[in-house]
Amino acid sequence: MRSLRSLCLAATVFTALACPGVLWAKVSATADGRVMRLDGGGVTYAMGVDEQGYIQPLYWGQALDEKAPLIARHPTELSGFDPAGSITAQEYAGQGEGLVSEPGIKAVFADGNRDLVLKYRGHKISGETLTVELADIRRPLTVTLHYGIDPATGVIARSASVRNGDSKPVRIDQIAAATYTLPVGNDYRLRYLTGRHASEWSQVETPVTPALTVLESRRGSTGHGNQPWFALVKDGKGSETDGPVWYGALAWSGSFRLSVGLDNLSRVRISGGYNPYDFSWALKPGESLDTPIFYTGYSSKGMGDASRRFHAFQRAAIIPGGAKVKIRPVLYNSWEATTFNVTEAGQMALAEKAAKIGVERFVVDDGWFGARDDDKAGLGDWTVNPRKFPNGLKPLIDRVKALGMDFGLWVEPEMVNVDSDLYRAHPDWVLNFPDRPRTEGRNQLVLNLARTDVRDHLLAVLDRLVAQNDIAFLKWDYNRNWTEAGWPGVPPEDQQRVQVQYIRNLYYILSELRRRHPGLEIEGCSGGGGRIDLGIMGLTDQSWTSDNTDPYDRLIIQDGFTQAYAPSIMMAWVTDSPNWANGRETSLDYRFLSAMQGSLGIGANLDHWQEADFATARTWIAAYKSIRDIVQRGDLYRIAPPRPDAASSATFHVSPDKRRAVLFQMLHSSSFRDNVEALHPEGLDPLRSYRVRMLNGSALPDDVPAEASGAYWMEQGLRVKLKGDYKGAAYLFES
């Protein structure tokens, strides 16, 4: 059996999670194995074996004492329509015995049998991890459940492995990483994140009903449409600061499926794993199939505390580097300045300007390679264009480094143009069905990374690119969804493995690149937020949040993003005005204040800036460097979230030791001489005295004292009126 810790560390093949420094918390079981518990971070999760051998979920919530009388009892038949098998709350059910709720796994045996009933066979506690083995009542098919819980946050990690012990294949048509059950209730409400390109991270709340709510991607990647994240609150009892919240996210970057609904006894059932759409896995004799990890958590103190717990867990256990992760540098990206018109001289000129405002990383975007003068050719040919860079990249890299910056490149390795040397040599390397159309998106096709030869080619090309150039950073893009997702090179019964094997090989390339080049950093990008999840997050250092860089839209996007994911990986750029996405005009100050609430980047065309713009940028970049450790490593309090009916919004970031904090106040528009409410910071030490000053060095407003206790700031607050449209201010608190 593989423990959860070994699953967590098996990044190159299975889960892409590097889990640095994770110490899982207490795992226990009664002597007879009838009750098993995980306790950590003020949270208890418990399950038990009933008298019929089913494992039932018993409790998930605020910590219980060790003597809590938890016991699993097998129900009796409710009616002829609801036999005992259909109403038993199972920890992980097979599709059998009349089950009518979402199963953990669906299987078809070689003789056509589709009845799968899983019962407890045994469990093992190894250090801080728990494994539980289930077996079918007749056939030699076993499912092993893996569990762990984080001692600091109470975040639970669960995954499953199915093994075929028979002499004939078994087809797996559906498999979840985990299923969860919450007690009977008609007042649960589901929160999730949805959207589309340039409009990601929209927050939706809906009642949980017997009509199943399905959050999924069928795109081959996480997708812009739905996030593999959920939160459950109680109607009228859940807010940013109060009430129970159950939340979680699937660590998988391919097609996924999360479902939430009430079962036939009005219990909430949550399931998450591979999307069964266009998926099956012919499990050969002796073969196993592993799921991704499904991370979940609980808070009794509202969505704000739930987010902060999950952020802290991600910083410690998911994001590469863990507690020792580097502060994200201020970067400049050349895309909006030059698009495909990349030249050595033009990039050097931009680098000179970027260095003068305090940029620390210079990134050349698309257009540097192959026959790449537009998006119709060259993709797949990862060699330097000799016309644009006659002496290779070295002169530009040397100049960038001499200016005090490191160097990065944009790549899109998973894609290919038909007009490319790679496609002409290997037209069979793309996802395709023979004698069917090869649909292009953005004039490109998707390479089939499930193929070992494609995987090894891409790894070799990228390894050589990084090894032969002093490259510190890759912006890894992915700009279309799957169509014609065929894999004609393998037997028909194995072709739908592409849905899993593609992502496994993607993870392998990323992890192997990082192993070979320990200093290399990678940004995940997919037309903005099209592939952000805990899976890809485990192998990348930052994420491109959205192609929409309008600073007001970004406040809403960033508010949605931080419901699920840590601000430290959330890239936010200052770009030109009017913005390309909506034509909105905003000041450079406002654009900086919006972007400084994540990891700061600059994407504007510096060749069009005036001296006043450079002076403004120097001021704000220096200010950001003084507080970015708070934004990237501290706790986020969304004290006034941006809403369509609100004129202003505010976020408050507090350092882990509570000695420093920064408040961002953002005004959308003012009208009718508004009499504004005070902003009430949270998370300060009430007994500590804090000095406050404007982050850009300007004078404090008249009604704001220069120093007061944490209790004063949190209870009395700051009542500062901004006037006009698209204005902002930032306040630094120091003790």
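Conventions and cut-offs
- Here the residue numbering is sequential within each chain, running from 1 through the sequence in written order.
- Owing to the predicted nature of the model, reporting of local features is limited to residues with pLDDT of at least 70; listing and counting of side-chain atom pairs is limited to 80 or more, with chain, interface and lining totals taken over all residues.
- Excluding hydrogens and water, the side-chain values take into account all heavy atoms of the structure.
- The pairing criterion for strands is at least two bridges between them, as found by DSSP.
- Going along the chain from the N terminus, every DSSP run of H or I of four or more residues is numbered as a helix, and every run of E of two or more is numbered as a strand.
- Fitting a line to C-alpha atoms yields each axis, with helices limited to the stretch in contact; the angle taken between N-to-C directions then spans 0 to 180 degrees.
- Residues count as neighbours in contact if any of their non-hydrogen atoms are within 4.5 Å of one another.
- Cavities and pockets are defined on a 1 Å grid built over the protein atoms alone: a cavity is a set of grid points where a 1.4 Å probe fits but cannot escape, while a pocket is an open set with protein on both sides within 12 Å along at least five of seven lines, and lining residues are those with an atom within 4 Å of any such point.
- Grid points are joined across faces, edges and corners, and a volume is the space filled by probe spheres set on the points.
- The residue classification treats Ala, Val, Leu, Ile, Met, Phe, Trp, Tyr, Cys and Pro as nonpolar and Asp, Glu, Lys and Arg as charged. All others, Gly included, are polar.
- Multiply 1.5 Å by the residue count of a helix minus one, and that product is the helix's expected span.
- Residue exposure (1.4 Å probe, protein chains only): buried if accessible area is under 20% of the type maximum, exposed if over 50%, otherwise partly exposed.
- Only buried residues count toward a nonpolar core, which is a set of Ala, Val, Leu, Ile, Met, Phe, Trp, Tyr and Cys residues joined through side-chain atoms within 4.5 Å.
- Should an angle fall under 35 degrees it is taken as roughly parallel, and over 145 as roughly antiparallel, whereas 65 to 115 is taken as roughly perpendicular and any remaining angle as oblique.
- The handedness criterion is simple: a crossing whose near helix is rotated anticlockwise from the far helix by less than a right angle is left-handed, and one whose near helix is rotated clockwise is right-handed.
- In this analysis, rings of Phe, Tyr and Trp, with Trp reduced to its six-membered ring, are considered paired at centre separations within 6.5 Å, and the interplanar angle assigns stacked below 30 degrees, edge-to-face beyond 60, and tilted for intermediate values.
- Under the rule applied, a polar contact is a pair of N or O atoms within 3.5 Å (in protein, one hydrogen donor and one hydrogen acceptor; residues adjacent in sequence only if both atoms are side-chain atoms).
- Here, a salt bridge means any Lys or Arg side-chain nitrogen found within 4 Å of an Asp or Glu carboxyl oxygen.

A.B. asks: Explain the sheet that holds strand 29 (residues 570-574) residue by residue, including any values.
C.D. replies: Sheet architecture is closed into a barrel: eight strands sit in the order 21-22-23-26-27-28-29-30, paired in parallel fashion. Sheet twist, expressed as the mean angle between neighbouring strand axes with direction ignored, is 30 degrees. Judged from the four bridges that link them, strand 26 (residues 473-476) and strand 27 (residues 521-524) form a sheet pairing that is parallel. When the bridges of strand 27 are listed, lysine 475 appears paired with glutamate 523. Lying over the sheet, helix 5 (residues 344-356) contacts strand 21 (331-333) and strand 22 (361-364), oriented at roughly 155 degrees with respect to strand 22.

A.B. asks: Just give me the short version of empty space enclosed by the protein, but keep the residues and values in it.
C.D. replies: The gaps left among the atoms become clear once a water-sized probe is rolled over them. As enumerated under the stated definition, the model contains 12 cavities of 30 Å³ or more in all. If you add up the space inside the largest cavity, you get close to 150 Å³. Every residue lining the largest cavity is counted, 16 residues in all, and those nearest its centre are Leu555, Gln558, Asp559, Gln597 and Thr651. Breaking the lining of the largest cavity down by element, the ones donating at least two residues are helix 11 (551-564), strand 31 (635-640) and strand 32 (648-654). The residue inventory of the lining of the largest cavity, partitioned by class, reads eight nonpolar, six polar and two charged. Volume-wise, the second largest cavity comes out at about 80 Å³. Around the second largest cavity, the lining residues are Arg315, Ile319, Val325, Lys326, Ile327, Arg328, Asp541, Ser568, Ile569, Gln632 and Arg633. For the lining of the second largest cavity, the per-class residue count stands at four nonpolar, two polar and five charged.

A.B. asks: Could you give an account of the sheet that holds strand 33 (residues 660-669), with specific residues and numbers?
C.D. replies: The six strands lie next to each other as 31-32-33-36-34-35, forming an open sheet whose pairing is antiparallel. Since the sheet does not close on itself, it has two edges, and those belong to strand 31 and strand 35 (707-709), each with one partner. Across this sheet, the average inter-strand angle for adjacent strands is 25 degrees, counted without regard to direction. Of the strand pairs in this sheet, strand 32 and strand 33 are connected by seven bridges, and their pairing is antiparallel. Its bridge partner being in strand 33, serine 648 is matched across the sheet by leucine 667. With respect to the sheet, helix 11 is in contact with strand 31, strand 32, strand 33 and strand 36 (725-734), its orientation differing from that of strand 31 by roughly 125 degrees. Running at roughly 85 degrees to strand 33, helix 13 (residues 611-633) makes contact with strand 31, strand 32, strand 33 and strand 36 of the sheet.

A.B. asks: Report on helix 3 (residues 302-318), specifying residues and quantitative values.
C.D. replies: Between the first and last C-alpha of helix 3 there are 23 Å, a value that for 17 residues agrees with the 24 Å anticipated at 1.5 Å per step. Counting buried positions along helix 3 gives 14 out of 17 residues, so the element sits mostly inside the fold.

A.B. asks: Please set out the nonpolar core residue by residue, giving values where relevant.
C.D. replies: Among soluble globular proteins, nonpolar side chains are generally buried collectively. Tyr92, Val143, Leu232 and Phe592 are the most contacted members of the largest nonpolar core, which totals 153 residues. Beyond its immediate sequence surroundings of up to four residues, valine 143 is in contact with Tyr92, Ile105, Leu118, Val132, Glu133, Leu134, Ala160, Ser161 and Val162. Within the second largest apolar cluster, 30 residues are counted, among which are Val155, Tyr295, Ala306 and Leu534.

A.B. asks: Give me the packing of helix 8 (residues 452-468) against helix 9 (residues 498-516): which residues, what numbers.
C.D. replies: With their axes 10 Å apart at the nearest point, helix 8 and helix 9 run at an angle of 30 degrees to one another. It follows that helix 8 is roughly parallel to helix 9 by the angle criterion. Seen from above, helix 8 lies across helix 9 with right-handed handedness. Along its contact with helix 8, which presents Arg455, Leu458, Leu459, Leu462 and Asp463, the element helix 9 presents Asn505, Tyr508, Ile509, Glu512, Leu513 and Arg516. For the contact of helix 8 with helix 9, the per-class residue count stands at six nonpolar, one polar and four charged.

A.B. asks: Summarise the packing of helix 11 against helix 12 (residues 588-595); cite the residues concerned and give the values.
C.D. replies: Contact geometry for helix 11 and helix 12: axes closest at 9 Å, N-to-C directions at 15 degrees. Judged on the interaxial angle alone, helix 12 and helix 11 are roughly parallel. For the crossing formed where helix 11 meets helix 12, the hand is left-handed. Here Pro551, Tyr552, Arg554, Leu555 and Gln558 of helix 11 come into contact with helix 12, specifically with Tyr590, Arg591 and Ser594.

A.B. asks: With reference to specific residues and values, describe the packing of aromatic side chains.
C.D. replies: Using the criterion set out here, one finds 31 aromatic pairs in the structure. Ring geometry for phenylalanine 230 versus phenylalanine 294: centroids 6.2 Å apart, planes at 75 degrees, classification edge-to-face. Remark: phenylalanine 294 occurs in strand 20 (residues 294-299) and phenylalanine 230 occurs in strand 14 (residues 229-234); sequence separation between them is 64 residues. Judged by relative accessible area, which is 1%, phenylalanine 230 ranks as buried.

A.B. asks: Would you mind going over helix 8 in detail, with residue names and values included?
C.D. replies: The end-to-end C-alpha separation of helix 8 is 24 Å, in line with the 24 Å expected for 17 residues at 1.5 Å each. Listed as buried for helix 8 are Val454, Arg455, Leu458, Leu459, Val461, Leu462, Asp463, Leu465 and Val466. Where helix 8 is buried, its residues contact strand 23 (406-411), strand 26 and helix 9.

A.B. asks: Break down the side chain of arginine 638 for me, citing the residues and quoting the values.
C.D. replies: Tracing the backbone shows arginine 638 in strand 31. You can call arginine 638 buried: its relative accessible area is 4%. Among all residues touching arginine 638, those that are not within four sequence positions of it are Glu240, Met303, Gly304, Ser307, Asp559, Thr562, Gln563 and Ala650.

A.B. asks: Let's hear about the side chain of glutamine 174: which residues, and what values?
C.D. replies: Checked against the element boundaries, glutamine 174 lands in strand 10 (residues 170-184). Polar side-chain contacts of glutamine 174 include one of 3.5 Å to the side chain of glutamate 102. Beyond its immediate sequence surroundings of up to four residues, glutamine 174 is in contact with Glu102, Pro103, Gly104, Ile105, Lys106, Arg257, Pro276 and Phe279.

A.B. asks: Describe the environment of proline 386, with residues and values.
C.D. replies: Residue placement: proline 386 occurs in the loop between strand 22 and helix 6 (394-402). Residues proline 386 and serine 649 lie 263 residues apart in sequence; the distance between their C-alpha atoms is 49 Å.

A.B. asks: Explain unusual backbone geometry residue by residue, including any values.
C.D. replies: Cis peptide bonds are those with omega within 30 degrees of zero, and the linkage from serine 577 to proline 578 qualifies with 0 degrees. Backbone geometry at glutamate 484 places phi at a positive 45 degrees, although glycine is not the residue there. Mapping glutamate 484 onto the fold places it in the loop between strand 26 and helix 9.

A.B. asks: If you had to explain the pattern of salt bridges to someone new, which residues and values would you point to?
C.D. replies: Oppositely charged side chains can form a pair if their charged atoms are brought close together. The full count for this structure, using the stated rule, is 49 salt bridges. Salt-bridge contacts for aspartate 463 lead to arginine 516; the nearest nitrogen and oxygen are separated by 3.1 Å. Linking aspartate 463 in helix 8 with arginine 516 in helix 9, this pair joins segments that are 53 residues apart in sequence. Overlapping salt bridges bring together Lys326, Arg328, Arg361, Asp406 and Glu521 as one network.

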